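# Results of the structural survey
In case you want the letters, here they are:
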Amino acid sequence: MGIFDKGTAKTKQSFFQKLSRAVVGRSRVDDDVLDAIEEALVSSDMGVDTTLKVIDMLEERVEKDKYMSFDELVALLREEISKLIDLDGTEEVVPFDFSHKPYVIMVVGVNGVGKTTTIGKLASMLREQGKKVIVGAADTFRAAAVDQLQVWADRAGADIVRQNMGSDPASVAFDTVKAAVARGADVAIIDTAGRLHNRIDLMNELTKIRNVMRKVIPDAPHDVLLVLDGSTGQNAFQQAKEFSRATDVTSLAVTKLDGSAKGGVVIGIVDQFKIPIKFIGIGEGIDDLKVFDRQEFVTSLFTPEDLKK
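Read on for an overview of the structure.

Procedures and definitions
Residues numbered from 1 in each chain as written. Predicted model: local features only at pLDDT ≥ 70, side-chain atom pairs only at ≥ 80, totals over all residues. Heavy atoms only, no water. Helix = DSSP H or I, 4+ residues; strand = E, 2+ residues; numbered from the N terminus. Expected span 1.5 Å × (residues − 1). Buried < 20%, exposed > 50% of the residue type's maximum accessible area, 1.4 Å probe, protein only. Arc of directions from axis to C-beta. Patch = residues over 30% accessible without salt bridge, like charges linked within 9 Å, V, L, I, M, F, W, Y side chains within 5 Å. Areas by Shrake-Rupley, 256 points an atom, 1.4 Å probe, with all protein chains shown as cover. Salt bridge = Lys/Arg side-chain N within 4 Å of Asp/Glu carboxyl O. Lys, Arg positive; Asp, Glu negative; His and termini not counted. Charge placed at Lys NZ, Arg CZ, Asp CG, Glu CD. Phe/Tyr/Trp six-rings, centres within 6.5 Å; stacked < 30°, edge-to-face > 60°.

For helix α3 (residues 48-64), which comprises 17 residues, the first-to-last C-alpha distance of 25 Å matches the rise-based estimate of 24 Å (1.5 Å per residue) to within 8%. Of all the residues in α3, the buried ones are Thr 50, Thr 51, Val 54, Ile 55, Met 57, Leu 58 and Val 62. Taken around the axis of α3, the buried residues stretch over an arc of 160°, which confines them to a single face. Among the exposed residues of α3, those pointing more than 90 degrees away from its buried face are Glu 60, Glu 63 and Lys 64.

What follows is the structure in structure tokens.
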């Protein structure tokens, strides 16, 4: 069983149930089959625009080879969707760039998506690689967020910088980056407030955090990681849109995929926003944050063996 099977099981089951019903007894791919594929992809929350790209591609291929088998159809889906989410033409996702020391990650996202948990799991992943990690509790508006981050930092064996509730988030970020340099940390991870305030406020706050960090490290942050809840489907699209407008998001972490039949959102967001996914969350455990592997993810969604069960 691949590491992503747990995260894609519900999406895959829903997709293949719809697809199987559409093709039972048919010897060729016709308009009804294409309609069923379109419905299955949209219901997995891939998004209408991305789904239509896939359907257009299928129509072209079916026109050339009307008697494509079901297995060939699924293999073609897998191949074309892999292309959609391959933004840079490389096979391997490089989650961290240790040519920067400290490597500074600013983590953004709304409350409730698993942002603080993701930071804790990231810190644990890095500690297992032998890296020295410091986290900054710059979400100073919620006591629960700071306390939760402290618990995760303790579990991961990471240092934490925190201030009093209501402190200036930029001040926490500044102190964190300064401490990372002074203590020789390999990575600094900055949590930020996840309030759904208006975009101008969000932009100003994130810009201020960036600016104060750059007083210490001129090219910080090296990664702006947006955390999205994969189970929310179209809401995740909207959040990606808002945060992309408010700041320069450079990568994504998609959480809570294991409990959802909306795994197609991963494909749609990468295709629409051209932002690479670095991590996906497939469970509650500290080790259930995985580096995203495009090929393995798509293979886990579209496996011909499923058709024979």
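Further remarks concern a negative patch on the surface. A cluster of like negative charges, contributed by Asp 31, Asp 35, Glu 39, Asp 56, Glu 59 and Glu 60, occupies part of the molecular surface. Among the secondary structure elements, those contributing two or more residues to the negative patch are α2 (31-43) and α3. Within the fold, Asp 31 resides in helix α2. Residue class for Asp 31 comes out exposed when judged on its relative accessible area of 56%.

In this section: the packing of aromatic side chains. This structure, assessed with the given rule, holds four aromatic pairs. On the numbers, 5.7 Å between centres and 40° between planes, the contact of Phe 96 with Phe 279 is tilted. You can see Phe 96 sitting in the loop between α4 (70-84) and β1 (103-108) and its partner Phe 279 sitting in strand β7 (residues 277-281), a full 183 residues away along the chain. What makes Phe 96 buried here is its relative accessible area of 7%. Accessibility expressed as a relative area gives 1% for Phe 279, which makes it buried. Ring geometry for Phe 237 and Phe 273: centres 6.5 Å apart, planes at 45°, overall tilted. With Phe 237 in helix α9 (residues 234-246) and Phe 273 in helix α10 (residues 264-273), this residue pair connects regions lying 36 residues apart in the sequence. Judged by relative accessible area, Phe 237 falls into the buried class, the value being 11%.

Function cannot be inferred from these measures alone, as they are strictly geometric.
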